[in-house]
Amino acid sequence: MKQEIPWNRLAVEAFVIVASILLAFAIDAWWTRYQESIEEQELLTGLRAEFLVNQELAAKKISVLQTAQENLRLFLRMNLDEVEKISPDEAMRMVVHPAHRSYTSDGMTHAFLSATINSGKLAVIDSASLQAALIDTEVIESTITLIEDDIR
């Protein structure tokens, strides 16, 4: 006796198997995107914190430099009698040292940015323009370090 093949049942089972595989791929792709999104947010949070610290330090340095510039302007407007009353040490302390220290990045950090770039994690960030800006920032910071070495 010839047994009949249940084509309808086989078609439904094949459809369910294919749909299950496609669903598994979709879930896996979603999970990967979700994990990358979390990693991107962690990177952006770390970079933001580092930039905020550096921004605060830069603002302080700008303030110190502006004070030094104003002291220099006052010093340059003085007549010889007024200049003779100021000791060389005081002049150095008020004008030269603050200006010199303001051109260095002491206290500023770019460790998180460097680690992000060197580890290859920069690719996790979706924005190509942000990636380019972060690389430019790293290049600028490296250049500043070289200039600081020359100043010292």
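Predicted model only: the values in this text are computed from it and were never measured.

**Q** Looking at this structure, I do not really get the pattern of salt bridges. What am I missing?
**A** When charged atoms on two side chains of opposite charge get close, those side chains can pair. Across all of its chains, the model carries five salt bridges by this definition. For Glu 56, the salt bridge goes to Lys 60, with nearest N and O atoms at 3.6 Å. Of this pair, Glu 56 and Lys 60 both sit in helix H1 (residues 7–77), separated by four residues, roughly a single helical turn. In this structure Glu 56 comes out as partly exposed when scored by relative accessible area, which is 49%. Lys 60 sits in the partly exposed class, given a relative accessible area of 47%. Close ionic contact of Arg 77 with Glu 70 constitutes a salt bridge, the shortest N to O distance being 3.9 Å. Taking relative accessible area as the criterion, Glu 70 reaches 35% and is therefore assigned partly exposed. One salt-bridge network, in which partners are shared between bridges, spans Glu 70, Arg 73 and Arg 77.

**Q** Teacher, can you tell me more about the environment of Asn 8 here?
**A** Mapped onto the fold, Asn 8 is located in helix H1. In this structure, the C-alpha to C-alpha distance between Asn 8 and Glu 40, residues 32 residues apart in sequence, is 47 Å.

**Q** Whenever I open this one, the packing of aromatic side chains confuses me. Can you help?
**A** Centre-to-centre distance and the angle between the planes together describe a pair of aromatic rings. Scanning the model with the defined rule gives three aromatic pairs in all. Taken together, a centroid distance of 5.9 Å and an interplanar angle of 50° make the contact between Trp 30 and Trp 31 tilted. Look at Trp 30 and you get partly exposed, because its relative accessible area is 47%. Ring centres 5.5 Å apart and planes at 15° place the aromatic pair Trp 30 and Tyr 34 in the stacked group. Here Trp 30 and its partner Tyr 34 are both found in helix H1, four residues apart, which amounts to about one turn of the helix.

What counts, and where the lines are drawn
Residues numbered from 1 in each chain as written. Predicted model: local features only at pLDDT ≥ 70, side-chain atom pairs only at ≥ 80, totals over all residues. Heavy atoms only, no water. Salt bridge = Lys/Arg side-chain N within 4 Å of Asp/Glu carboxyl O. Helix = DSSP H or I, 4+ residues; strand = E, 2+ residues; numbered from the N terminus. Buried < 20%, exposed > 50% of the residue type's maximum accessible area, 1.4 Å probe, protein only. Phe/Tyr/Trp six-rings, centres within 6.5 Å; stacked < 30°, edge-to-face > 60°.

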